[in-house]
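# Reading the structure
Residues per chain, in single letters:
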Amino acid sequence: MLLTTGQAADELGCAITTFRRLVRARLLPGLSRRGVRVMIPLDTVQALATRRRAPLEQLDATEIAVLRVDAARPAPEPDRPWIGFAATLTPDDLLKALRGWWRCDPVSVAAGGVLPVTLSGYVVAVLTGLQAWEKSSTGRHTFSQARLAGYVTDLAAPRITLTSRTDGDQHLAELLLGTRLPSDSGGAIAYITTHTTG
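Summary of the structure given here. Numbering of residues starts from 1 in every chain and runs along the sequence as written. A pLDDT threshold of at least 70 governs which residues receive local features in this predicted model, and a stricter bar of 80 or more applies before side-chain atom pairs are shown or counted, although totals over entire chains, interfaces and linings include all residues. Neither water nor hydrogens contribute to the side-chain values; these are computed over all heavy atoms in the structure.

A word on helix α1 (residues 5-12). Exposed residues in this analysis have more than 50% of their type's maximum accessible area, buried residues have under 20%, and partly exposed residues fall in between, with area computed by a 1.4 Å probe over protein chains only. Each helix corresponds to a stretch of at least 4 residues labelled H or I by DSSP, and each strand to a stretch of at least 2 residues labelled E; elements are numbered beginning at the N terminus. Burial in α1 covers these residues: Thr 5, Ala 8 and Ala 9. Along the axis of α1, the buried positions cluster into a sector of 100°, meaning they face one direction only. Exposed and facing more than 90 degrees away from the buried side of α1 are Asp 10 and Glu 11. A contact between two residues is defined here by any heavy atoms of the two lying within 4.5 Å. At its buried positions, α1 is contacted by β1 (2-4), α2 (16-24), β3 (37-41) and α3 (42-49). Directly beyond the C-terminal end of α1, a positive phi value near 70° is found at Gly 13. Arc, as used here, means the arc of the directions from the helix axis to the C-beta atoms.

Next up on the list: the nonpolar core. In this text, buried Ala, Val, Leu, Ile, Met, Phe, Trp, Tyr and Cys residues form a nonpolar core when linked through side-chain atoms within 4.5 Å. Grouped together as the largest cluster of nonpolar side chains are 61 residues, with contacts concentrated most on Phe 19, Leu 22, Leu 27 and Phe 85. Per-element accounting of this core gives the leading share, six residues, to strand β9 (residues 122-128). Setting aside residues no more than four positions away along its own chain, Phe 19 makes contact with Thr 5, Ala 8, Ala 9, Leu 12, Cys 14, Leu 28, Ile 40 and Leu 48.

The next subject is the sheet that holds β3. One key point about sheets: their strands pair by backbone hydrogen bonds, in either a parallel or an antiparallel sense. Here a strand pair is declared whenever DSSP counts at least two bridges between the two strands. On the basis of which strands lie adjacent, the open sheet formed by three strands has the order β1-β3-β2 and antiparallel pairing. Of all the strands in the sheet, just β1 and β2 (32-34) have a single pairing partner and so form its edges. Between one strand axis and the next, the sheet turns through 45° on average, direction left out of account. Alignment of β1 against β3, held across three bridges, turns out to be antiparallel. By the bridge assignment for β3, Thr 4 is matched with Met 39. Angular values range over 0 to 180 degrees, each being the angle between N-to-C directions of two axes fitted as lines to C-alpha atoms, with helices fitted over their stretch in contact.

For the rest of this paragraph, the subject is the sheet that holds strand β13 (residues 159-162). Spatial ordering of the open sheet is given by β13-β12-β9-β8-β4-β14, a layout of six strands whose pairing is mixed. Both edges of this open sheet fall to β13 and β14 (189-193), since each of them pairs with a single strand only. Each adjacent strand pair in this sheet contributes to an overall mean axis angle of 30°, direction not counted.

Structure below.
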């Protein structure tokens, strides 16, 4: 059975524009077209609906930052060709697209030790190595030594690609990728309490 993007959004309880970001980021398998309509397999939507929440209580930090992005689009900047996320980007382009420039408190971001990247409330990439940053003249920050620990190429499965050889990075990527992580923020960076007591 196939659903329209509107029906899929209704099943997930989200706005149609939120769901269309997943389509544009090429994260959903089995898509087809009926005229101008994109059709999504019901089992793909059901897999998204039953996805577990990110187990933030397993993280060491009491608070982490979350980077909320849109589907990738060309960036008008000399240091990166893209901004945002797409499953089809190379790991190098993806890292450049995600590590900055963001309005944020860089000390708080670094203190969390990990920066989950979400698209429509799902963790699609994980950045680590956040201890160094640069600030632009407009007050935005980039994490110049950030590492892409891993990213998702198929959100329904989910299918992940690990891109860091560091054990801690791989653990964080496996823990968080493909999970649901809703957050609220007026900008790209949100801050979430993990409820860790230690």
